[in-house]
Amino acid sequence: MATKKKPAKSNVSAEELLGHYKEMLLIRRFEEKAGQLYGMGLIGGFCHLYIGQEAVVVGLEAAASEGDKRVTSYRDHGHMLACGMDPKGVMAELTGREGGYSRGKGGSMHMFSKEKHFYGGHGIVGAQVPIGAGLAFADKYLENGGVTFAYFGDGAANQGQVYETYNMAMIWDLPVIFVIENNQYAMGTSVQRSTKSPSLWERGAAYGIPGEEVDGMDVLAVKEAGEKAVAHCRAGKGPYILEIKTYRYRGHSMSDPAKYRTREEVQKMRDERDPIEQVRDLLLTGKHATEEDLKAIDKDIKAVVNEAAEFSKESPEPALEELYTDIYADEVPQEA
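Residues numbered from 1 in each chain as written. Predicted model: local features only at pLDDT ≥ 70, side-chain atom pairs only at ≥ 80, totals over all residues. Heavy atoms only, no water.

**A short note on helix H6 (residues 160–171)**
Short version of the rule: In this description a helix means any DSSP run of H or I spanning at least four residues, a strand means any run of E spanning at least two, and both kinds are numbered starting from the N terminus. Here, expected helix span is obtained from the residue count minus one, scaled by 1.5 Å. Whether a residue is buried, partly exposed or exposed follows from its accessible area with a 1.4 Å probe, protein chains only, as a fraction of its type maximum: under 20%, in between, or over 50%, in that order. The arc in question is the one spanned by the directions pointing from the helix axis to the C-beta atoms.
Here H6 spans 17 Å end to end across twelve residues, near enough to the 16 Å set by a 1.5 Å rise per residue. Residues Val 162, Tyr 163, Thr 165, Tyr 166 and Ala 169 constitute the buried set of H6. Along the axis of H6, the buried residues cluster in a sector spanning 155°; they form a single face. Looking at H6, the residues exposed on the side facing more than 90 degrees away from the buried face are Glu 164 and Ile 171. Positive backbone phi, at 50°, marks Asp 173, one or two positions downstream of H6.

Here you go:
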């Protein structure tokens, strides 16, 4: 077995390191619980888990500032939790309950929070990318210094609207970070089979967009790259591309048996590159926390997740009248 790759080291405090650990562990435990509820029939439709990719969104959120925006695809629960959305509201939405962020009408793939500047998971592959550019256009127009993170996967990276968006973003110098979460498999097809490009971020060169490849299993490396990208955008230099090499442990969705890869491949990644275990090792070896401390953290997080699950079960289903809300704009009275 190969030696574990050591995580990037930077001037990070014990407090920051513990913060990253807690946030990634919350996403992991939340997604595990969501998988259980799906198996119990309490979550309907599609459900795409983020297990294995936690370092991507936690690292980038650590580089973001208040008012920055984010938009992503349907594998979106981790992004919601990382930007501060309430686990209760997220879980209630997954189960189609009134207490959810979209009042039970969006489910796993479509929930939003204007308060947290989270502009959705989107079910159409790649459709969120031009929306992200639109959010960045608004920031530039308003001159508010905001940056938008537009997340998409390696599969979506082959969609035409991505490249139309690259072109517009560069023409208008939009403050948008295109985040390619390259988890190696677009549904069931490995990236090696779906594209001839040696890398995905380098495609931005055709439009003059700079970028880089990042180790997405290392939260500190992601944060460092995120800070560089954010600084680039805030300086008015236009868009930036981050291709973040990560890995999902579960299937594409809960209905995917993932027979296109071996168990040994997944286990090897878990054993050698797990993002949470890497930070755990740093905490223990740096004597920033003890085994007992980390067990207590895990216990507290499990309690939060269990509370969210209970809240979702107790929250009522939406009333039938809810079918007619958010469809038409309120009538605007005409001036005399």
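**Here we look at the nonpolar core**
Heads up, the condition is: By nonpolar core we mean a set of buried residues, namely Ala, Val, Leu, Ile, Met, Phe, Trp, Tyr and Cys, connected to one another through side-chain atoms within 4.5 Å. Here a residue-residue contact requires only that any non-hydrogen atoms of the pair lie within 4.5 Å.
Judged by nonpolar contacts, the single largest core of 63 residues is most densely connected at Tyr 21, Leu 60, Phe 149, Ile 177, Val 179, Leu 242 and Ile 244. Of all the elements, helix H1 (residues 14–39) adds the most residues to this core, at nine residues. Contact partners of Ile 177, with chain neighbours within four places excluded, come to Val 147, Thr 148, Phe 149, Ala 150, Ala 229, Val 230, Cys 233, Tyr 240 and Leu 242. Core analysis: the second largest hydrophobic core is formed by 20 residues, Val 71, Ala 150, Tyr 166 and Val 176 among them.

**Things to note about unusual backbone geometry**
For Glu 143, which is not a glycine, the phi torsion comes out positive at approximately 55°. Here Glu 143 lies in the loop between helix H5 (128–142) and strand E3 (148–153). Overall, the relative accessible area of 71% leaves Glu 143 in the exposed class. The phi torsion at Ala 258 lies on the positive side, around 55°, for a residue other than glycine. Relative to the assigned elements, Ala 258 resides in the loop between strand E8 (240–245) and helix H9 (263–273). With a relative accessible area of 15%, Ala 258 lands in the buried category.

**Quick look at the side chain of Glu 54**
Among the structural elements, Glu 54 can be located in helix H2 (residues 54–63). Not counting chain neighbours up to four residues away, the residues in contact with Glu 54 comprise Met 24, Ile 27, Arg 28, Pro 275 and Ile 276.

**Describing the packing of aromatic side chains**
For clarity, the threshold we go by: Note on aromatic contacts: the rings of Phe and Tyr and the six-membered ring of Trp form a pair at centre separations within 6.5 Å, being stacked when their planes are under 30 degrees apart, edge-to-face when over 60 apart, and tilted otherwise.
As enumerated under the stated definition, the model contains ten aromatic pairs in all. Here the aromatic rings of Tyr 185 and Tyr 247 are separated by 6.5 Å at their centres, their planes lie at 75°, and the arrangement is edge-to-face. Here Tyr 185 is found in strand E5 (residues 185–186), whereas its partner Tyr 247 is found in the loop between E8 and H9, with 62 residues between them in sequence. Judged by relative accessible area, which is 9%, Tyr 185 ranks as buried. When its relative accessible area of 2% is taken as the criterion, Tyr 247 is described as buried. Measuring from centroid to centroid gives 6.4 Å for Tyr 247 and Tyr 249, while their planes differ by 55°, and the two rings are tilted. Each member of the pair, Tyr 247 as well as Tyr 249, carries the same accessibility label: buried. These aromatic residues form a ring-pair network of at least three members: Tyr 163, Tyr 166, Phe 178 and Tyr 207.

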